[in-house]
Amino acid sequence: MTAIARLTRAEVRKLATTRAFLITVAVAVGLAVIAVVVDAAEAGKNHTPALGTAASTYQMLKVGGVCCVAMLIVGIIASGGEYRHKTIIPAMLITPRRSAMVAAKTIAVAMAAVVLTGLTFGLGLATIVAELHAHGFSQLPPGTTRMVAGSVIAAILFGVIGVALGYITRSTTAAVVGAVGWVLFAELAILNTLAPQLAKWVISGTAETLTDPPAPGHTPATAAAVLAAYTAALLIAGWQVVLRRDVT
Amino acid sequence: MITIDHLTKRYRNITAVDGLSFEVGPGRVTGFLGPNGAGKTTTLRLLLGLARPDGGTAAIDGARYRDLPHPAQTVGAALDNDTFHPGRSAVEHLRVAATAAGISRRRPEQVLGVVGLCQDRHRRVGTFSLGMRQRLTLATALLGDPGVLIMDEPLNGLDPDGIRWMRDLLRQLADEGRTVLISSHLLAEAAQTVDDVVVITRGRLAAQGPVAELAAATSTTRIRTPHTGQLISALARDGITAQQVEAGTVEVRGADPDTVARTAAAAGVIVLELTRHTDNLEELFFDLTSDRADDRALEVSPS
């Protein structure tokens, strides 16, 4: 087994034995199922699309955002938590080659994103199919696969952003506050007001393009590339911080 | 073998480690002593690659820690007894470390047995006492069955039984031919545990050598005589510095009492009483690290 494979297994084991990760997955999956049930119950009321229409099913499938937020938190817990609990010390003693440690953590969180998104969409879709079947509908709209794929990509990238923020701040609280503050104030409040034409190219905007239903003017491939570029920039910054900073 | 060679670390305007050099050999327990802020922990972190030196080198078996091909199997380090995820069980903590280091799956259970935590292996570490965390820290260090053990304050948090257990274990590990370096501020306990000491103060080496020989080198001989001036002059001719500490009493530091007695006899000095006072580790430590201490390091070769 290669060193990276061994370290990735250890990182996966860390995640699997961290209650915060398990709670985050459970909350994400639970919220997805609740959202589907509520959307199904509200379908056709108050000018919402009727159950069985593509628009209604897409509305029920809009759980990619939940996966992204959940994975951002998981990524922050995975890296920032190492500093919070000082487990970074044994981690670096076992793996003094810090780049390998960062790589293994990134791969493990990406794998967790696939599992979390798979579980969330799997249970969400099962609930949708059951709801539709109960009302005599049997077909999912054609954009379903694109929404699932886009959400998986966005969740992976958000997980990696979380890892980077945890390494940069060395604090789970600072990373969460920084991430929420950036999206709410810098992107949604300030940039959206001053330059709304740029909204779809910021981090939250690209994630929306990936996780939302297909729509005219949406360019998911470009959005994925832009989000990947933001992620790569943050990951390089986090990696450099890990390489250069003393552990005290 | 641990080799520290002109190691230097600065934090802004503070020099935490200042051109420090010493060696620690196998088969002995070496105490790394110094007052708070002397630079002990910084030195250990530099040695283990957790911090980068501004100068000099720190090597284990001739290589920097980060260049060791199998670090966990070469060096077992226990720096802090609070480096656990509180929600993880003891055995899970060790399994994570074993997986990352490529160590056998059976080894975590084995080392839990060595440190006496078998009964508590499935308990969350967050519920552990300080002494139990200290044992788990040691178990983590022993995972790779390393030839070099480096421990920061291993006696902290242990009850008297635990201290005795740790002392016996460290002795056993050294007797197996391993290099054991422990830092401690519990001098009375360390004195019963270590063979050699490295004493640092203000980031510099203050003394190094076997405890017994360092104590002998800093011992004092007191001579009660009616001829104090004559004795001081005679000793000075033999290159021995002596001083009158009270009326009719001369004190000589470091010299062999036999030599002092012979010099007195040869000079025709009447000696009413000659007593030797050997420092214990605590007195030696305070002597070496006090502000009055000489800037030069005291070094005694192992016999």
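The rules behind these values
Residues numbered from 1 in each chain as written. Chains lettered and ligands numbered in written order. Predicted model: local features only at pLDDT ≥ 70, side-chain atom pairs only at ≥ 80, totals over all residues. Helix = DSSP H or I, 4+ residues; strand = E, 2+ residues; numbered from the N terminus. Rg over C-alpha atoms; globule rule 2.2 N^0.38 Å. Buried ≥ 20, exposed ≤ 12 C-beta atoms within 10 Å, placed from the backbone. Contact = placed C-beta atoms within 7 Å. Pairing = 2+ DSSP bridges. Axes fitted to C-alpha atoms, helices over the stretch in contact; angles between N-to-C directions. Domains from an automatic or database assignment. Nonpolar A, V, L, I, M, F, W, Y, C, P; charged D, E, K, R; others polar.

**Q** I would appreciate a short explanation of the overall build of chain A in the present structure.
**A** Looking only at helices and strands, chain A has 10 helices and zero strands in total. When the helices and strands of chain A are placed in sequence order, the string is α-α-α-α-α-α-α-α-α-α. For 248 residues, the compact-globule estimate of 2.2 N^0.38 gives 18 Å, and the C-alpha radius of gyration of chain A, at 19 Å, lies within 12% of that figure. The C-alpha extent of chain A, read off along each of the three principal axes, is 60 × 40 × 30 Å. Split into buried and exposed, the 248 residues of chain A put 46% on the buried side. Taking contacts inside chain A between residues at least 6 apart in sequence as the whole, the part at least 24 apart equals 80%.

**Q** Just to check I follow, could you spell out the overall build of chain B for this structure?
**A** Helices and strands together make up the secondary structure of chain B, namely 11 helices and 14 strands. Dimensions of chain B along its principal axes, counting C-alpha atoms only, are 75 × 40 × 30 Å. Across the 303 residues that make up chain B, the buried fraction comes to 44%. Looking at chain B alone, contacts between residues at least 24 apart form 71% of all its contacts between residues at least 6 apart.

**Q** What's the story with the sheet that holds strand 4 (residues 55–60) of chain B in this structure? I'm lost.
**A** Backbone-to-backbone hydrogen bonds pair the strands of a sheet. The strands run either parallel or antiparallel. Residues and elements named next belong to chain B. Pairing is antiparallel across the open sheet formed by three strands, whose spatial order is 2-1-4. Unpaired on one side and paired on the other, strand 2 (14–24) and strand 4 mark the two borders of the sheet. Looking at each pair of strands side by side, their axes are set apart by 20 degrees on average, direction ignored. Direction of pairing for strand 1 (residues 2–11) relative to strand 4: antiparallel, over a ladder of five bridges.

**Q** Would you explain unusual backbone geometry in this entry?
**A** Outside of glycine, negative phi angles account for most residues, and trans bonds account for most peptide bonds. Phi is positive for Lys86(A), which is not a glycine, with a value near 60 degrees. Tracing the chain through its elements places Lys86(A) in the loop between helix 4 (64–84) and helix 5 (88–94). For Asp61(B), which is not glycine, the phi dihedral falls at a positive 50 degrees. For Asp61(B), the location among the structural elements is in the loop between strand 4 and helix 2 (71–74).

**Q** Got a minute to help me understand the environment of Asp54(B) in this structure?
**A** All names here are of chain B. In this structure, Asp54 sits in the loop between helix 1 (40–47) and strand 4. Linking Asp54 and Arg224, residues 170 residues apart in sequence, is a C-alpha distance of 52 Å. Residues within four places of Asp54 in sequence aside, it is in contact with Thr8, Lys9 and Arg10.

**Q** It is not clear to me how the domain arrangement of chain B should be interpreted in this structure. Could you clarify?
**A** Many structure descriptions define interface size as the accessible area lost when the parts assemble. Domain parsing of chain B yields domain 1 (2–210) and domain 2 (220–277). Averaged C-alpha coordinates put domain 1 of chain B and domain 2 of chain B at centres separated by 45 Å.

**Q** Even after reading the chapter, I still don't get the interface of chain A and chain B, so can you show me in this structure?
**A** The interface is formed by 22 residues belonging to chain A together with 28 residues belonging to chain B. Where the side of chain A that touches chain B is concerned, the elements lending two or more residues are helix 1 (3–16) and helix 5 of chain A. In terms of residues, the side of chain A that touches chain B owes the most to one element, helix 1 of chain A, which gives six residues. Taken together, the residues that form the side of chain A that touches chain B break down as nine nonpolar, five polar and eight charged.

**Q** Would you mind going over the pairing of strand 12 (residues 249–253) of chain B with me for this structure?
**A** A regular strand places its side chains so that they alternate between the two faces of the sheet. Residue and element names in this part refer to chain B. Of the two faces of strand 12, only the one carrying Val250 and Val252 is buried; Thr249, Glu251 and Arg253 on the other face are not. Judged from the five bridges that link them, strand 10 (residues 220–224) and strand 12 form a sheet pairing that is antiparallel. Counted as the bridge partner of Ile223 is Val250 from strand 12. In this structure, the hairpin formed by strand 11 (residues 242–246) and strand 12 is closed by a connection of two residues, where Gly248 is found at a positive phi of approximately 80 degrees.

**Q** When you look at the environment of Gln139(A) in this model, what are you seeing that I'm missing?
**A** For Gln139(A), the position within the fold is in the loop between helix 6 (98–134) and helix 7 (144–169). Counting along the chain gives 107 residues from Gln139(A) to Asp246(A), while the straight-line C-alpha distance between them is 57 Å.

**Q** Looking at this model, I keep getting lost on the sheet that holds strand 11 of chain B. Mind explaining?
**A** Residue and element names in this part refer to chain B. The strand order across the open sheet built from four strands is 11-12-10-13, with neighbouring strands paired in antiparallel fashion. What marks the edges here is a single partner per strand, and that holds for strand 11 and strand 13 (273–277). Neighbour to neighbour, the strand axes of the sheet diverge by 25 degrees on average, direction disregarded. Packed onto the sheet, helix 9 (residues 228–237) meets strand 10, strand 11 and strand 12 and runs at close to 155 degrees relative to strand 11.

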